[in-house]
Protein chains: 2
Amino acid sequence: MAPAPQFGPIAVDAMGGDEGTAEVVRAVRLAFETLDNLEGIVLVGKERLLRRLIKVAGLEDEERISIYNATEVIGMDEKPIQSLKQKKDASMLKAIDLVREGRCKAVVSCGNSGSLVAAGTLRLRPMEGVERPAMAPIMPAKEKHFILLDAGANPVAKAEHLVHNAILGSHYCRIVLKIANPRIGLLSNGTEEGKGNALIVSTHELLKRISGFINYHGLIEGLQMFSNEVDVIVCDGFTGNVVLKACESLVSSMQDFLKKEIKKNPVRLAGALLSQGTYRKMKDQLNRDRYGGAPLLGLRGYILKAHGASNKFAIMNAIRVAQEVVRCNLNERAQKDIMKVNRILRATEIESLTVS
Amino acid sequence: MAPAPQFGPIAVDAMGGDEGTAEVVRAVRLAFETLDNLEGIVLVGKERLLRRLIKVAGLEDEERISIYNATEVIGMDEKPIQSLKQKKDASMLKAIDLVREGRCKAVVSCGNSGSLVAAGTLRLRPMEGVERPAMAPIMPAKEKHFILLDAGANPVAKAEHLVHNAILGSHYCRIVLKIANPRIGLLSNGTEEGKGNALIVSTHELLKRISGFINYHGLIEGLQMFSNEVDVIVCDGFTGNVVLKACESLVSSMQDFLKKEIKKNPVRLAGALLSQGTYRKMKDQLNRDRYGGAPLLGLRGYILKAHGASNKFAIMNAIRVAQEVVRCNLNERAQKDIMKVNRILRATEIESLTVS
């Protein structure tokens, strides 16, 4: 018998990723080989297929692995709410249910983001005092990484949501990037007081009021994004999604452009081979597998969204991050701050009503 | 005597750029050397200094150059509205006044963007049927350039403003990028119908209704930004500003990173030297001097905003673009479409009032 789990196992959605169930099982093997004290993994997917793949991976004697049967998969192009209604037996939903029922502590999934956000919000529910979850990817910058949130879970955000993002992002940053007192920046179209749209102006005022809970650096603009002036960048899910994807698109176009130019001429090609260490370093720095997934912060339980095209390294790293947030009790830590900050927000609201 | 100007001279703000008045005069010399049929340049700045610099540049016999005295300069960090009130004799304002009074057709300025937007809007006024101007930089992508608007002039936009941006951007694209039927995309957090915030949802509906006036491709997401799927990307000034600057920040961080890595090792350095043609091509592609400036579209007159750090090539190219939009009558062409489209927008509004 394996020792009784102290923190609880992690549910891994074995379907829905572009690389298929076999890659997920390989990731689980890698996780057992790499991570210390991994307590347990529940693989959620087609039972017979999983049994076979576990055997292929030589994991049939690993007592910490169990299987939870799910027969359906939500496709990448399916509409979130519709998919939730129509595919009751989807692996993603059954994995989330394991957390809802307290049988697992966290979910790792490479599936459809929209469905994951919708299912997470509806089935796990936001934590007390929080209305909407936020997707919090880790991004590479000049010297070190930073956290961007929200990257798309909540495209129509209120100031209060962004304040919660600042608190959640701050706690997550401490755990995952090991930065003791992370600097928080609010993304705007300029750094001067008064810059931004109505959402930014009111969020900025609220963030200044809760300086006891976060290390608020103030407004930042796009130009400061990749220069490591702050460790956590807070924005609404619309802006965050557009910026994140635009940057991905820029990097990929630049890479295509360089590849094409290098091939045009043998001298350039030789030069590129000699300096390939540089490119490799750059690729390492930009490698999104390193942190594996972005958590959906602010729910009653942990959901780690890994990229649809995740390979075993990315999935293993998402399992690692899931394990870390579970062990460090991210939600419990954040919950206390959220409750206190909400009291300040309520007081501010009453004050502004009295004044106006 | 020079022949009577057919299109009117261009006012060039000789102060306010980081590189100083001398660089602006050098740019003017370059413009006369390079551009065909340049009708006239009015240099706006300190008269004595300008006389001296014109002599140094060997332009004292150039009859197409005149000087308009201005004694003050608006600094890069000054607050827009305040600067307009306090510096009545600022070069930027006097240059704009030349256009307002019909003595010049366009302004080129490297000065403070916020002040330029405020002064342009207040002194030139938006064209008939338009409420707010839009800043429209030209951006490099995988194969060719595209136009992004609004990049920050109007951070709190309405759907109607974005519709006007689509029309203005479409006409500008025809002139400056020589694309006959430019494809227009609306920037959102996903491409499925219904994606986006309230502004995007209503703008998308309106853009579909005016398909006779623009080649509307539909919603695009950040991932498509640099892949040349569309020629004009429409967004509000908050999103546009954040995305534009984030991409600038990303490119500059990547360049810093590569430089540092290359210097770490002599083999890499040698390789980089051999493959430098590739880097040079990339630098060319990313070179913002190529189009020199971003116009502020939608005003009664043309304002070209060149980057604060513009060198003579960038300023010369901004003069070239100014000359092109003047000659092609950008505003007259766009004005007709704006009036027709506004009638469609009014009808849509009445319809929705009747339905609801």
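Before reading further, recall that the structure is shown in the block above.
We now turn to the structure provided with this report.

The transform that puts chain A on chain B rotates by 180 degrees and translates by 0.0 Å along the axis, for an RMSD of 0.0 Å. One copy is carried onto the other by what is essentially a two-fold rotation axis. Among all residues of chain A, the one whose C-alpha sits closest to the rotation axis is G271 of chain A, at a distance of 1.8 Å. Of the interface residues in chain A, 100% have counterparts in chain B that sit at the interface too, so the contact is made through matching surfaces.

Now for the packing of helix α6 (residues 159-176) of chain A against helix α11 (residues 312-327) of chain A. Residue and element names in this part refer to chain A. One can describe the packing of α6 onto α11 by two numbers: an axis separation of 10 Å at closest approach and a directional angle of 110 degrees. Classified by the interaxial angle, the pair formed by α6 and α11 is roughly perpendicular. In terms of crossing hand, the pair formed by α6 and α11 is right-handed. Judged by residue contacts, Y172, I175 and V176 of α6 engage V321, E324 and V325 from α11.

Whenever strands of a sheet pair, they do so through backbone hydrogen bonds, lying parallel or antiparallel. Residue and element names in this part refer to chain B. Taken together, seven strands build an open sheet; the order of strands is β3-β2-β1-β4-β12-β11-β5 and the sheet is mixed. Each having just a single partner strand, β3 (65-69) and β5 (134-135) make up the two edges of the open sheet. Taken together, the two bridges between β5 and strand β11 (residues 293-297) define a ladder with antiparallel strand orientation. Residue M135 lies in a different strand from β11, and its bridge partner there is L296. Strands in contact with helix α5 (residues 113-124) are β4 (106-109), β5, β11 and β12 (302-306); relative to β12, the strand with the most contacts, it is inclined by about 175 degrees. Each of β5 and β11 touches helix α6 (residues 159-176); the most contacted strand, β11, lies at about 135 degrees to it.

Right, let's get into the pattern of salt bridges. Inspection of the entire model under this criterion finds 38 salt bridges over all chains. For D256 of chain B, the salt bridge identified is with K142 of chain A, shortest N-O distance 3.0 Å. Of this pair, D256 of chain B sits in helix α8 (residues 237-263) while K142 of chain A is found in the loop between β6 (138-140) and β7 (145-149), placing the two residues in two different chains. The salt bridge involving E47 of chain B is made with R51 of chain B; its shortest N-O contact spans 2.9 Å. Taken together, the residues span about one helical turn, with E47 of chain B and R51 of chain B both in helix α2 (residues 47-56) at a distance of four residues. A residue is classified by how much of its surface remains accessible, and E47 of chain B, at 31% relative accessible area, is partly exposed. Among the ionic contacts, a cluster of salt bridges with common partners joins D97, R100 and R123 of chain A.

Another point: the packing of helix α1 (residues 20-34) of chain B against helix α11 (residues 312-327) of chain B. All names here are of chain B. For the pair α1 and α11, the least separation of the axes is 8 Å and the interaxial angle reads 55 degrees. Classified by the interaxial angle, the pair formed by α1 and α11 is oblique. Pair α1 / α11 crosses with right-handed handedness. For the pair α1 and α11, the contacting residues are E23, V24, R26, A27, V28, L30, A31 and T34 in the first and K312, F313, I315, M316 and I319 in the second. When its residues are assigned to classes, the contact of α1 with α11 shows nine nonpolar, one polar and three charged.

Taken together, the contact between chain A and chain B spans 50 residues of the former and 50 residues of the latter. Summing the contributions of chain A and of chain B, the shared interface buries around 4800 Å²; its carbon and sulfur component is 71%. Linking chain A to chain B there are four salt bridges. Inspection of the region where chain A meets chain B yields 10 residue pairs in polar contact (both at pLDDT 80 or more). Breaking the side of chain A that touches chain B down by element, the ones donating at least two residues are β8 (183-188), α8 (237-263), α9 (266-274) and α10 (276-286) of chain A. Grouping the amino acids of the side of chain A that touches chain B by side-chain chemistry returns 24 nonpolar, 16 polar and 10 charged.

Attention shifts here to the packing of aromatic side chains. Residues and elements named next belong to chain A. In total, this model carries two aromatic pairs over all chains according to the counting rule given. With centroids separated by 5.7 Å and ring planes inclined at 80 degrees, the aromatic side chains of F146 and F226 adopt a geometry described as edge-to-face. On the criterion of sequence distance, the pair formed by F146 in strand β7 and F226 in the loop between β9 (215-221) and β10 (232-234) is long-range, its members being 80 residues apart. There is no split in this pair, since F146 and F226 are both buried. Looking at K94, its charged tip hangs above the ring of Y68, at a distance of 5.2 Å from the centre.

For the rest of this paragraph, the subject is the nonpolar core. Counting residues in each nonpolar core, the largest one holds 249 residues, and the members touching the most others are L43 and I319 of chain A together with L43 and I319 of chain B. For I319 of chain B, the contacting residues outside a window of four places in its chain are I10, V12, V28, A31, L35, L38, I41 and V108 of chain B.

Quick look at the sheet that holds strand β5 (residues 134-135) of chain A now. Residues and elements named next belong to chain A. In space, the seven strands of this open sheet follow the order β3-β2-β1-β4-β12-β11-β5, with mixed pairing throughout. Strands at the two margins of the open sheet, each flanked by one partner only, are β3 (65-69) and β5. The pairing of strand β4 (residues 106-109) with strand β12 (residues 302-306) spans four bridges and is parallel. Its bridge partner lying in β12, A106 is registered against Y302. Running over the sheet, helix α1 (residues 20-34) touches β1 (10-13), β2 (41-45) and β3 and is turned about 180 degrees from β2. Along the sheet face, helix α2 (residues 47-56) touches β2 and β3 and points at about 160 degrees away from the line of β3.

In this section: the side chain of H164 of chain A. Structurally, the position occupied by H164 of chain A is in helix α6. Residue class for H164 of chain A comes out buried when judged on its relative accessible area of 1%.

Quick look at the environment of A90 of chain A now. All names here are of chain A. The topology assignment puts A90 in the loop between α3 (80-86) and α4 (91-100). Residue A90 is classed as buried on the basis of its relative accessible area of 0%. C-alpha separation for the pair A90 and T71, spaced 19 residues apart in sequence, amounts to 6.3 Å. Beyond its immediate stretch of four places on either side in the chain, A90 contacts A70, E72 and I74.

Conventions and cut-offs
- Residues numbered from 1 in each chain as written.
- Chains lettered and ligands numbered in written order.
- Predicted model: local features only at pLDDT ≥ 70, side-chain atom pairs only at ≥ 80, totals over all residues.
- Heavy atoms only, no water.
- Least-squares fit on C-alpha atoms with pLDDT ≥ 70 in both.
- Contact = heavy atoms within 4.5 Å.
- Axes fitted to C-alpha atoms, helices over the stretch in contact; angles between N-to-C directions.
- Helix = DSSP H or I, 4+ residues; strand = E, 2+ residues; numbered from the N terminus.
- Parallel < 35°, antiparallel > 145°, perpendicular 65-115°, else oblique.
- Left-handed = near helix turned anticlockwise from the far one by under 90°.
- Pairing = 2+ DSSP bridges.
- Salt bridge = Lys/Arg side-chain N within 4 Å of Asp/Glu carboxyl O.
- Buried < 20%, exposed > 50% of the residue type's maximum accessible area, 1.4 Å probe, protein only.
- Nonpolar A, V, L, I, M, F, W, Y, C, P; charged D, E, K, R; others polar.
- Buried area = accessible area lost by both parts, 1.4 Å probe.
- Polar contact = N/O pair within 3.5 Å; in protein donor to acceptor, adjacent residues only side chain to side chain.
- Phe/Tyr/Trp six-rings, centres within 6.5 Å; stacked < 30°, edge-to-face > 60°.
- Lys NZ or Arg CZ within 6 Å of the ring centre and 35° of its normal.
- Core = buried A, V, L, I, M, F, W, Y, C linked by side-chain atoms within 4.5 Å.

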